Amino acid sequence: MDTALTLFRTIPQEKKNAISWTTIISGYVQAGMNKEALQLFHEMQNSNVPPDKVSLASALSACAQLGALEQGRWIHSYADKARISIDSVLACALIDMYAKCGDMEEALGVFKDVKKKTKSVQVWTALISGYAYHGLGGEAIRRFTEMQKTGVKPNGITLTAVLTACSYTGLVEEGKSVFYTMERDYNVKPTIEHYGCMVDLLGRAGLLDEANRLVQKMPMKANAVIWGSLLKACQIHRNIELGERIGEILIGMYPNHGGRYVHTANIHAMGGKWDKAAETRRLMKNKGVVKVPGCSTISLEGTTHEFVAGDRSHAEIEIIRSKWRTVRRRLEENGYVPELEDVLLDLADDEEREAIVHQHSEKLAVAYGLMKTKPGTTIRIMKNLRVCKDCHKVMKLVSKIYKRDIMMRDRTRFHRFRDGKCTCGDYW
DNA sequence: ATAGGGTTAG
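Within an unreviewed UniProt entry, the label attached to chain A reads DYW domain-containing protein, and the organism entered is Brassica campestris. Per its UniProt entry, chain A bears the Sequence similarities (unreviewed entry) comment "Belongs to the PPR family. PCMP-H subfamily."

Turning our eyes to something else, we now look at the protein's contact with DNA strand B. Neighbouring DNA strand B are 41 residues; Asp52, Ser88, Val89, Tyr168 and Arg260 lie closest to it. Of what DNA strand B places within 4 Å of the protein, 38% of the atoms are sugar or phosphate. At a separation of 3.1 Å, a phosphate oxygen of DNA strand B approaches a polar side-chain atom of glutamine 30. In the model, a base nitrogen of DNA strand B is placed 2.7 Å from a nitrogen or oxygen of the aspartate 52 side chain. For the surface near DNA strand B, the elements supplying multiple residues, two or more each, are helix H2 (18-30), helix H4 (53-66), helix H6 (88-100), helix H8 (121-133), helix H10 (156-169), helix H12 (192-204) and helix H14 (224-236).

Bringing the pairing of strand E4 (residues 406-409) into the picture now. Residues Ile406 and Met408 line one face of E4 and the alternating positions Met407 and Arg409 line the opposite face, and both faces are buried. Summarising the sheet, strand E3 (residues 379-383) and E4 pair through 4 bridges and their orientation is parallel. Residue pairing for E4: arginine 380 is matched across the bridge by methionine 407. This β-α-β element, E3 to helix H21 (residues 389-401) to E4, shows right-handed connectivity. The pairing of E4 with strand E5 (residues 414-418) spans 4 bridges and is antiparallel. Looking across to E5, one finds that isoleucine 406 is bridged to phenylalanine 417. Linkage of E4 to E5, two consecutive antiparallel strands, is achieved through a turn of 4 residues.

So, on to helix H5 (residues 69-81). End to end, H5 covers 18 Å across 13 residues, agreeing with the expected 18 Å (1.5 Å per residue, within 8%). Within H5 the residues assigned to the buried category are Leu69, Gly72, Ile75, His76, Tyr78 and Ala79. Turning to H5, the residues buried within the fold contact helix H3 (34-46), H4, H6, helix H7 (104-113) and E3.

The backbone phi angle of aspartate 419 is positive, close to 50°, even though this residue is not glycine. Its place among the elements puts aspartate 419 in the loop between E5 and strand E6 (421-422). Even without a glycine there, the phi angle at aspartate 426 is positive, about 60°. Assignment of secondary structure puts aspartate 426 in the segment after E6.

To continue, consider the domain arrangement of chain A. The parts lose accessible area when they come together, and the size of an interface is often stated as this lost area. Assigned domains within chain A: domain 1 (1-118) and domain 2 (298-340 + 353-422). Between domain 1 and domain 2, the contact holds 12 residues from the first and 7 residues from the second. Where domain 1 abuts domain 2, roughly 590 Å² becomes buried across the two surfaces, and 41% of that area is made up of carbon and sulfur atoms. Contact with domain 2 buries area across many residues of domain 1, yet Gly67, Lys100 and Gly102 alone supply 44% of it, more than any other trio. The tally of links between domain 1 and domain 2 comes to 0 salt bridges. Residue assignment for the side of domain 1 that touches domain 2 shows that the elements contributing at least two residues are H4 and H6.

The next thing to look at is the environment of phenylalanine 414. Mapping phenylalanine 414 onto the fold places it in strand E5. With a relative accessible area of 2%, phenylalanine 414 lands in the buried category. Excluding its chain neighbours within four sequence positions, the residues that come into contact with phenylalanine 414 are Ala99, Lys100, Cys101, Gly102, Tyr133, His134, Met407, Met408, Arg409 and Thr423.

As a further point, take the sheet that holds E5. The strand order E2-E1-E3-E4-E5-E6 describes an open sheet built from 6 strands, whose pairing is mixed. Two strands close off the open sheet at either side, each with one partner strand: strand E2 (303-308) and E6. Relative to E2, strand E1 (residues 295-300) runs antiparallel, the two being bridged by 6 bridges. Of the residues in E2, the one forming a bridge with serine 296 is phenylalanine 307.

Enumeration over the complete set of coordinates arrives at 7 aromatic pairs. Their ring planes at 65° and their centres at 5.8 Å tell us that phenylalanine 144 and tyrosine 186 sit as a pair that is edge-to-face. One end of the pair, phenylalanine 144, is in helix H9 (residues 137-149); the other, tyrosine 186, is in helix H11 (residues 172-186), with 42 residues separating them in the sequence. Judged by relative accessible area, phenylalanine 144 falls into the buried class, the value being 5%. A relative accessible area of 22% means that tyrosine 186 is categorised as partly exposed. Plain terms: the ring middles of phenylalanine 307 and tyrosine 368 are 5.7 Å apart, the flat faces sit at 65° to each other, and that makes the pair edge-to-face.

Here leucine 60 is to be found in helix H4. A C-alpha to C-alpha distance of 9.0 Å links leucine 60 and leucine 38, two positions 22 residues apart in sequence. In this structure leucine 60 touches Gly72, Ile75, Leu90, Ala93, Leu94 and Met97, once residues within four positions along its chain are discounted.

The rules we used
- Residues numbered from 1 in each chain as written.
- Chains lettered and ligands numbered in written order.
- Predicted model: local features only at pLDDT ≥ 70, side-chain atom pairs only at ≥ 80, totals over all residues.
- Heavy atoms only, no water.
- UniProt positions renumbered as here; feature names shortened; annotations may be inferred.
- Near = heavy atom within 4 Å.
- Polar contact = N/O pair within 3.5 Å; in protein donor to acceptor, adjacent residues only side chain to side chain.
- Helix = DSSP H or I, 4+ residues; strand = E, 2+ residues; numbered from the N terminus.
- Buried < 20%, exposed > 50% of the residue type's maximum accessible area, 1.4 Å probe, protein only.
- Pairing = 2+ DSSP bridges.
- Right-handed = clockwise from strand over helix to strand, strands pointing away.
- Expected span 1.5 Å × (residues − 1).
- Contact = heavy atoms within 4.5 Å.
- Domains from an automatic or database assignment.
- Buried area = accessible area lost by both parts, 1.4 Å probe.
- Salt bridge = Lys/Arg side-chain N within 4 Å of Asp/Glu carboxyl O.
- Phe/Tyr/Trp six-rings, centres within 6.5 Å; stacked < 30°, edge-to-face > 60°.

This is the structure we're talking about:
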């Protein structure tokens, strides 16, 4: 990307057109450098080249990955104002952006505005995927059925979305039925992604042996995603022995990935094997591998506020920490007891474990949200890792006691908290 | 035929 940007910078201003701008923007998106992509999109708007529909689709993709709802909305209204028609590709990008930014209502609104003949399999798939990671499995299946009634045939990606929906919602029988008939009914041969969905579906549901057997008999070699899915299932269902074996396989496959060491150390710790857990963490340290820190963001009036556990760089950090203590007291008055089983560290007592969970970034983010937004507003939080049991519990309680809807996007899916309940049904 | 774009499992 550095070389590409340097070259792009050598193009004289008057020779830059929508295509050269879009090439560099989509390059950044494909490299996962979404902030840089939006920065360049912004620069493009200040130049004399107006963005066309391809530029918008690329920028929307960056917004989707960042969870940048406000900027995504702006692009949507820009398309309307510039009379850029919403074709299949732009519709897809818009639906995906709204869904990944937590606004399924608006995603559905875009979908409904798309003319029937423009509703490509991709457009349907974008909507179904949205329902999947919002934990709305029934809705995903309903749309899948509806899609077929309109004569649109699913492709491999559509089926991945449907299986993900089944997995996240615990629809084991429905998922199995789709998986075992997909080749016959839709002429789509299961790929590693479909096997991945099935391993996840079975593993989450506690059918670990069945999941493991599927990994053994599938026609391709298991990759890190498959093993990771099985490892997570071992953790949820406390299968220490299998988990330890898989953890070793994963570390062997990717010795530079910090998350694998942490996960494996956690499995050892879950089984009470503190020496093995320490050994895994030591190995990680010796190799100079670092864990990605947990980070939560909340956007308020166009500014994104970022929180990392233990980090005090936010200008209002002391007020925010104090607000969290107030929230915590109020939750405690309403029966909140910390959930400490995810703190798999060799600590002397639970007090130390409590101190750890109370530093988690999403708690600071929600405290800040309560401070800065009006009652009745939905609090939207984005997190780069999965949410821990305690933070999940806290979000449920805050939604009830403070009468606030909370929308939280974690590494893989959405949690929507309302009146003490979460749309994931505690199945995550 | 003719630059750049969307949906995908832990």
